[in-house]
Amino acid sequence: MRAFRIRIRIRIAVGAALLLAVAGCTTGPSLEHRGEITAPPGDSRHLTIGSAGFTESDLLAQMYALLLNHAGYHTRILSVTNREIYEPALESGQIDVVPEYAATFADWLNARTHGPGASPVGSPDLAATMRALRALAAPRGLTVLDPGRAVDQNAFAVAASYAAKHRLRTLSDLGASGLPVRLAAGDECVERPYCEPGLRKTYGIDITGIDPKGVGTTPAKKAVQDGQDQMVLTTTTDATLGQFGLVLLADDKHLQNADYIVPVVNRSRAGAAGVTGALDKLNTVLTTRDLASMNEQVDSWRRLPEDVAGTYLKSKALIPSH
């Protein structure tokens, strides 16, 4: 049976108001009074896929919807750009499935559960991160499916000519070179353990200063391209590095957290084997490089996320080509 897809785009002004009203009406028990979940996982045939409203999240939501459609589900996509809004809606069953990032979501749930001062539970260790994430998600009625191969982590890039001149392939190479490095990044880089402190401690890189141009912004990448800065903080799925003549240096000592992409579902509505089986098919094929390429097609080539997602899934024989 072929399911029909309804695409719904509600940006934050409308989406937040709608979901806040919904969250206020949820009838589930508070977290403090939830016991062990014993009811069988649900299998609603009409599912709402949440997107966080940026290109990569839109692409993942579209792929989830197409895979679930092919498995016989009816889906719609709801775009809400604020995790503080969409996560409670996921708990209440107003959203059934969202793409998330393992370490980031684990730390977010941990802070929500234990307070903003709670020690982070996300780490570079994927297995440990997943254990912590699932333990935090389960009492909220959420099931975290298995991660695939794609990861969207913080990453560091340099000019390709600079890398070639100094024979740099990894962050360890840069540290061993002793070269002074001015880093284009966000203001918070000076104190975040994955940024300046981690680069110094883990790799021995001589960071001479932070150029506060933001994470992966065009001005930040342009500053490295022009030689004003030597390195830029970006992400592993940044699709525009080549346009600026930049290349990533490998995080060979695993400084960055395990932000592998994971589907998170409302257990009572979408926790059954049908949903898991449909979404798990993406795990064996989707790579970080694939995701970066799709981001580029949307952001640089101005293709629609649903078209890019459909073309990719057809190319991997995950949905019919006609």
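This text goes with the structure placed above it.
Rules used in this analysis
- Sequence order sets the numbering: in each chain, residues are counted from 1 along the sequence as written.
- Whole-chain, interface and lining totals are the exception, using all residues; otherwise, since this is a predicted model, local features are given only for residues with pLDDT of at least 70 and side-chain atom pairs are given and counted only at 80 or more.
- Hydrogens are left out, water is left out, and the side-chain values use all remaining heavy atoms of the structure.
- A 1.4 Å probe that fits but cannot get out identifies a cavity on a 1 Å grid over protein atoms alone, an open set with protein on both sides within 12 Å along at least five of seven lines counts as a pocket, and a residue lines either if it has an atom within 4 Å of a point.
- Grid points are joined across faces, edges and corners, and a volume is the space filled by probe spheres set on the points.
- Counting from the N terminus, the helices are DSSP H or I runs at least four residues long and the strands are E runs at least two residues long.
- For this scheme, ten residues count as nonpolar: Ala, Val, Leu, Ile, Met, Phe, Trp, Tyr, Cys and Pro. Four count as charged, namely Asp, Glu, Lys and Arg, and the remainder, Gly too, count as polar.
- One speaks of a salt bridge when a side-chain nitrogen belonging to Lys or Arg is within 4 Å of a carboxyl oxygen belonging to Asp or Glu.
- Note on classification: 1.4 Å probe, protein chains only; a residue is buried when its accessible area is under 20% of the maximum for its type, exposed when over 50%, partly exposed between these limits.
- Two strands pair if DSSP finds at least two bridges between them.
- Lines fitted to C-alpha atoms define the axes here, with helix axes fitted over just the stretch in contact, and angles between the N-to-C directions of these axes take values from 0 to 180 degrees.
- In what follows, a contact means two residues having at least one pair of non-hydrogen atoms within 4.5 Å.
- Disulfides are defined as pairs of cysteine sulfur atoms found within 2.5 Å of each other.

Our focus in this paragraph is the layout of surface pockets. Taken as a whole, the largest pocket spans an internal volume of roughly 1,200 Å³. Taken together, 40 residues line the largest pocket, and the ones lying closest to its centre are Thr104, Asp152, Asn154, Tyr194 and Asp259. Counting residues per element, the ones that place at least two in the lining of the largest pocket are α2 (55–70), α3 (83–92), β4 (97–101), α4 (102–114), β9 (231–235) and α12 (288–299). Here the lining of the largest pocket takes four residues from α4, the largest share from any one element. Tallied by class, residues from the lining of the largest pocket come to 13 nonpolar, 16 polar and eleven charged. What the second largest pocket holds in volume is close to 690 Å³.

Moving on, we get to the pattern of salt bridges. The tally for this structure, following the rule as stated, stands at 13 salt bridges. Between Arg269 and Asp96 there is a salt bridge, with the nearest N and O atoms lying 2.4 Å from each other. Here Asp96 lies in the loop between α3 and β4 and Arg269 lies in helix α10 (residues 267–270), a separation of 173 residues in the sequence. Given a relative accessible area of 27%, Arg269 falls into the partly exposed group. Given the relative accessible area of 1%, Asp96 is considered buried. Between Lys222 and Asp226 there is a salt bridge, with the nearest N and O atoms lying 3.0 Å from each other. When salt bridges that share partners are traced, they join Glu87, Glu91, Arg112 and Arg140 into one network.

One simple way to see leftover space: roll a probe sized like a water molecule over the atoms. Under the counting rule described, the total for this entry stands at one cavity of 30 Å³ or more. As a volume, the largest cavity reaches approximately 90 Å³. Residue assignment for the lining of the largest cavity shows that the elements contributing at least two residues are α2 and β11 (261–266). Of the residues contributing to the lining of the largest cavity, the split by class is eight nonpolar, two polar and one charged.

Before going further, it helps to examine the sheet that holds strand β7 (residues 180–185). The strand order across the open sheet built from five strands is β8-β7-β9-β6-β10, with neighbouring strands paired in mixed fashion. Of all the strands in the sheet, just β8 (206–212) and β10 (246–249) have a single pairing partner and so form its edges. Across this sheet, the average inter-strand angle for adjacent strands is 40°, counted without regard to direction. Sheet analysis places β7 next to β9, joined by two bridges and oriented parallel. The residue of β9 that forms the bridge with Leu183 is Met231. Taken strand by strand, helix α8 (residues 196–203) contacts β6 (154–159), β7, β8 and β9, and its axis lies near 165° from that of β8. Of the strands in this sheet, β6, β7, β8, β9 and β10 are in contact with helix α9 (residues 218–225), which crosses β9 at around 140°.

This part takes up the environment of Glu56. By the element assignment, Glu56 lies in helix α2. With a relative accessible area of 4%, Glu56 lands in the buried category. Residues Glu56 and Met294, 238 residues apart in the sequence, show an inter-C-alpha distance of 8.1 Å. Apart from the residues lying within four places of it in its own chain, the contact partners of Glu56 are Tyr101, Asp152, Thr237, Ile261, Leu291 and Asn295.

Let us now look at the environment of Ala150. Structurally, Ala150 can be placed in the loop between β5 (142–144) and β6. Between the C-alpha atoms of Ala150 and Val262, which are 112 residues apart in sequence, the distance is 9.1 Å. In contact with Ala150, other than residues within four places in its own chain, are Tyr260, Ile261, Leu286, Thr287, Thr288 and Leu291.

It is worth spelling out the state of the cysteines at this point. Per the counting criterion, the structure on display carries one disulfide. The residue that forms a disulfide with Cys189 is Cys195, at a sulfur-sulfur distance of 1.9 Å. Here the disulfide of Cys189 and Cys195 is left-handed, its torsion about the S-S bond being about -85°. Classification of Cys195 as buried rests on a relative accessible area of 0%.

The values reported here are purely geometric and, on their own, carry no functional implication.
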